[in-house]
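What follows is each chain in one-letter form.
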Amino acid sequence: MKTLYLSNDQQDIARAAEILRNGGIVAIPTETVYGLAGNALRGDCVKKIFDAKGRPSDNPLIVHISDISQWAPLVKSIPESAMALAEKYWPGPLTVILPKSDIIPKEICGKLDTVAVRMPSDETARAIIDTCSFPLAAPSANTSGKPSPTTASHVRADLDGRVDAIVDGGECSVGIESTVISLADEVPRLLRPGGITPEMLTEVLGEIVIDDAVYNKLADGAVAASPGMKYKHYSPDAEVVIIKSSFEQYKKYIDENGTSDDVALCFEEEVSDLSIKCITYGKKDDPSSQAKHIFDALRQVDKAKAKTVFARFPEKEGIGLAVFNRLVRAAAFNIIEL
Ligand code: TXA
Ligand code: MG
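Residues numbered from 1 in each chain as written. Chains lettered and ligands numbered in written order. Predicted model: local features only at pLDDT ≥ 70, side-chain atom pairs only at ≥ 80, totals over all residues. Heavy atoms only, no water.

**A look at the sheet that holds strand S8 (residues 165-167)**
Working step 1: The strand order across the open sheet formed by 11 strands is S1-S8-S2-S3-S7-S4-S6-S5-S9-S10-S11, and the pairing between neighbours is mixed. Only two strands of the sheet have a single partner each, and these edge strands are strand S1 (4-6) and strand S11 (209-210).
Working step 2: Of the strand pairs in this sheet, strand S5 (residues 94-99) and strand S9 (residues 179-182) are connected by 4 bridges, and their pairing is parallel. Pairing of Ile97 across the sheet is with Ser182, part of S9.
Working step 3: Of the strands in this sheet, S1, strand S2 (26-28), strand S3 (35-39) and S8 touch helix H6 (residues 152-159), which is tilted by about 165 degrees from S8. (Pairing = 2+ DSSP bridges. Helix = DSSP H or I, 4+ residues; strand = E, 2+ residues; numbered from the N terminus. Contact = heavy atoms within 4.5 Å. Axes fitted to C-alpha atoms, helices over the stretch in contact; angles between N-to-C directions.)

**Concerning the environment of Asp302**
Working step 1: Here Asp302 is to be found in helix H9 (residues 287-304).
Working step 2: Separated by 83 residues in sequence, Asp302 and Ala219 place their C-alpha atoms 27 Å apart.
Working step 3: For Asp302, the contacting residues outside a window of four places in its chain are Lys146, Tyr234, Pro236 and Asp237.

**Quick word on the pairing of S5**
Working step 1: Taken across its 6 residues, S5 has 5 buried, putting it largely inside the fold.
Working step 2: Pairing between S5 and strand S6 (residues 114-118): 5 bridges, direction antiparallel. Bridge pairing in S6 places Pro99 opposite Thr114. (Buried < 20%, exposed > 50% of the residue type's maximum accessible area, 1.4 Å probe, protein only.)

Structural data, given as structure tokens:
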């Protein structure tokens, strides 16, 4: 298929919505990462999304809404705690899981009896959902197993010819996928860290459980609360090693072990002090900037065809936990502590 390239002006938003209304699939910007959208209420559209990404069919999709009134029809009921979260953090980078209603096609959530819903804050995403007037199912718009896309050109690199259109809304402002919290059980469970931090969730919900898969590798054969956690996430062809140390120790380690075939995945301020090729992911004490740049940096690592990548260890505070969660997967949990 020929992919149509659209801007995010009013006319192109109308064209994107028309394609979606006709059952097509369109990559759209959101504040987190680009999503590959289709009509969430039509199983045939949802199936097209899985096919275009090469995504395993048991890994469920998030449903995107632009108005709170679109939520109730998708779920069995909305508990007070869920409404309190929505009031505080929607629109924004938060996904809430609840038991699903019967209008959710089985293609969206496989065998699960729950559905994940999010209201994005990105103006283009909201305008497209508004114009369609149905909710949009949208996973990240990357080929399954690649880093999530944070620009339209990332999407193009992965999905050109596989989707009906790509809407260019510029660079995503958060840069990392939404926080996913399940309210389907008694105690709220954080399944994926993101822009809404554990502290921000606790403020509204009180006690939450952080799923083991957030920090650790899932044991072979274990059942994942969030199916996405069990799949091998993006790891570059290079061996990625995270170095947990001070900058001085990191520099010394690279001076002793780095070669011209290797890359330092470091912070912007550190480039001039290092002796090998550097790819940066944000600023040193600024986890938000690290979140914004980590996926682009991982794409650059692949292009550089490095043998070994020595990555700086991100602080796990706030949104830094989400940065750590993505980086440690890219590194296949390979951490050296000095
Ligand atoms: O920021 C985001 O969430 C982006 C943008 C496009 O909105 N979307 C996104 O979708 O990251 P995706 O499909 O790449 O990741 C969705 C994650 C997966 O790990 C999936 O397993 C989990 O959410 N998930 C979805 N529905 C679920 C459910 N009912 N129960 C448990 N986990 C669920
Ligand atoms: Mg994804």
